[in-house]
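Here is what each chain is made of, one letter per residue.
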Amino acid sequence: MTTPGDFDALLVLSFGGPEKPDDVRPFLENVTRGRGVPPERLDSVVEHYMHFGGVSPINRLNRDIIDALRGEFDSAGIDLPIYFGNRNWHPMIEDTVATMTADGIRNALVFPTSAWGGYSGCRQYHEDIARARASVGDGAPHLTKIRQYYDHPLMVDAFSDAVAAARASLPEQHRADARLVFTAHSIPSAADANAGPPEDGGHLYSRQVAEASRLVAAASGVEDYDLVWQSRSGPPQVPWLDPDICDHLEALSARSVDAVIVCPIGFVSDHLEVVWDLDTEAEEKARELGMAFARAGTPGSDERFPAMIRELVDEYRLGTDCRRELGRVPGYGSTLDGNRCAVGCCEQPTRPARPSGAAAR
């Protein structure tokens, strides 16, 4: 049980994304600053965004979540203003925290749009919080980041229903035997090895993704399934979590699998990595292979997602019990004012080039 706290606002903190073509290049430069990404690599990612008119869906989807959450708060009688800030594009977290300070906010909760542990999925949000408070200086509100929520029952249920809907969308002859494949954003293997407090043995991100996949598969009545990865970038000599989704589709086809249901377990909304890497590249690969393809939806647009956020907020406001599923893999991530969960937690041995996005946004 969490100790009750007196909070006067909620900050929804996300990755950010361009909202018009002129935003794309400067956004990508923000994402990759200091990482030595060659200009030609950025050029190729710019083309991904231009395929969608130079607009990432992430900001719109987060505003939709915030609108739904305001309704959820109103229904529950929760009187907390909701603010929105990003790491890499407007509204930038530094500007949002400055606005919160001017509004007299003193002690706010922070909901990150990442359910996971690891550097990009958790610790980098702590760094965002610390940087924003430092930019404001004296008078900045205290900011408490909400815990990792990868195994919250409402999110598991939303994904399970999305898998069922995807199965129902396949031609009837493919539904029963369609292979369920979970996918999440790949990260460098070294970064995964360093994810979590050292005493916990590392690999927190990949273990949490595997546990979430197991929970959703069980809720879907599926015993045999696959977990693969997507959206890797960086030099090919640096090992990342694999196999890649498109490579895996080829392997399934070689085994005469003729239908797949792909569940983007690592994403809370249909970000660019979902609509490009899955709805474009993976679906095209499946079509080349003569494979029926259905992609499960993400939980951010499900009515249970704002209800889940409200439950998480109540853990901190009221000290209500945490709701988790079975808990085979620990969760961390809740600290004050950007402090680390533990010494050495989620160290980043190198700064990998990841210009298209960040793990588990």
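Here the structure is shown first, and the text comes after it.
This is a predicted model, so every value here is computed, not measured. (Residues numbered from 1 in each chain as written. Predicted model: local features only at pLDDT ≥ 70, side-chain atom pairs only at ≥ 80, totals over all residues. Heavy atoms only, no water.)

### Considerations on the overall build of the protein
Phase 1 of the analysis: For the protein, the count of helices and strands is twelve helices and eight strands.
Phase 2 of the analysis: For 361 residues, the compact-globule estimate of 2.2 N^0.38 gives 21 Å, and the protein sits close to it at 20 Å.
Phase 3 of the analysis: Principal-axis analysis of the C-alpha atoms places the extent of the protein at approximately 60 × 45 × 40 Å.
Phase 4 of the analysis: In the protein, of all internal contacts separated by at least 6 residues, the share reaching a separation of at least 24 is 81%. (Helix = DSSP H or I, 4+ residues; strand = E, 2+ residues; numbered from the N terminus. Rg over C-alpha atoms; globule rule 2.2 N^0.38 Å. Contact = heavy atoms within 4.5 Å.)

### Topic: the sheet that holds strand S1 (residues 9–14)
Phase 1 of the analysis: The strand order across the open sheet built from four strands is S2-S1-S3-S4, with neighbouring strands paired in parallel fashion. Each edge of the open sheet is held by one strand with a lone partner, namely strand S2 (82–86) and strand S4 (142–145). Averaged over all pairs of adjacent strands, the angle between their axes in this sheet comes to 30°, without regard to strand direction.
Phase 2 of the analysis: Two strands pair when backbone bridges link them, and S1 and strand S3 (residues 107–112) are joined in this way by five bridges, in the parallel orientation. Its bridge partner being in S3, Ala 9 is matched across the sheet by Ala 108.
Phase 3 of the analysis: Strand contacts of helix H4 (residues 93–102): S1, S2, S3 and S4, with the helix running at about 155° to S2, the strand carrying the most contacts. (Pairing = 2+ DSSP bridges. Axes fitted to C-alpha atoms, helices over the stretch in contact; angles between N-to-C directions.)

### Quick word on the packing of helix H6 (residues 153–169) against helix H12 (residues 304–317)
Phase 1 of the analysis: Relative orientation of the contacting elements H6 and H12 amounts to 170°, with a least axis distance of 9 Å. Regarding the angle of H6 to H12, the classification is roughly antiparallel. Within the contact between the two elements, H6 uses Leu 154, Met 155, Asp 157, Ala 158 and Asp 161 and H12 uses Arg 304, Phe 305, Ala 307, Met 308 and Glu 311.
Phase 2 of the analysis: Classifying every residue of the contact of H6 with H12 gives six nonpolar, no polar and four charged. (Parallel < 35°, antiparallel > 145°, perpendicular 65-115°, else oblique. Nonpolar A, V, L, I, M, F, W, Y, C, P; charged D, E, K, R; others polar.)

### Let's talk about the packing of helix H1 (residues 21–32) against helix H2 (residues 39–50)
Phase 1 of the analysis: One can describe the packing of H1 onto H2 by two numbers: an axis separation of 10 Å at closest approach and a directional angle of 135°. As far as their axial angle goes, H2 and H1 are oblique. Between H1 and H2 the crossing geometry is right-handed. Within the contact between the two elements, H1 uses Pro 21, Val 24, Arg 25, Phe 27, Leu 28, Glu 29 and Thr 32 and H2 uses Pro 39, Leu 42, Asp 43, Val 45, Val 46, Tyr 49 and Met 50.
Phase 2 of the analysis: Looking at side-chain class alone, the contact of H1 with H2 contains ten nonpolar, one polar and three charged residues. (Left-handed = near helix turned anticlockwise from the far one by under 90°.)

### With respect to the packing of aromatic side chains
Any aromatic ring pair is given by two values, namely how distant the centres are and how the planes are angled relative to each other.
Phase 1 of the analysis: Counting across every chain of the model gives nine aromatic pairs.
Phase 2 of the analysis: Plain terms: the ring middles of Phe 27 and Tyr 49 are 5.9 Å apart, the flat faces sit at 75° to each other, and that makes the pair edge-to-face. Of this pair, Phe 27 sits in helix H1 while Tyr 49 is found in helix H2, placing the two residues 22 residues apart along the sequence. Of the two residues examined, Phe 27 and Tyr 49, each falls in the buried class.
Phase 3 of the analysis: By the ring-pair criterion, three or more aromatic residues cluster together here, those being Trp 116, Tyr 150, Tyr 205 and Trp 229.
Phase 4 of the analysis: The ring of Tyr 125 carries Arg 87 above its face, with NZ or CZ at 4.4 Å from the centroid. (Phe/Tyr/Trp six-rings, centres within 6.5 Å; stacked < 30°, edge-to-face > 60°. Buried < 20%, exposed > 50% of the residue type's maximum accessible area, 1.4 Å probe, protein only. Lys NZ or Arg CZ within 6 Å of the ring centre and 35° of its normal.)

### Some points on the pattern of salt bridges
Phase 1 of the analysis: All chains considered together, the criterion is met by 28 salt bridges.
Phase 2 of the analysis: Across the pair Arg 63 and Glu 19 runs a salt bridge whose closest N-O atoms are separated by 2.8 Å. Here Glu 19 lies in the loop between S1 and H1 and Arg 63 lies in helix H3 (residues 58–76), a separation of 44 residues in the sequence.
Phase 3 of the analysis: Under the relative-accessibility criterion, Arg 63 is labelled partly exposed at 34%.
Phase 4 of the analysis: For Glu 211, the salt bridge goes to Arg 214, with nearest N and O atoms at 2.9 Å. Remark: Arg 214 and Glu 211 occur in helix H9 (residues 204–219); sequence separation between them is three residues, near one turn of the helix. Accessibility classification places Glu 211 together with Arg 214 in one group, the buried group. (Salt bridge = Lys/Arg side-chain N within 4 Å of Asp/Glu carboxyl O.)

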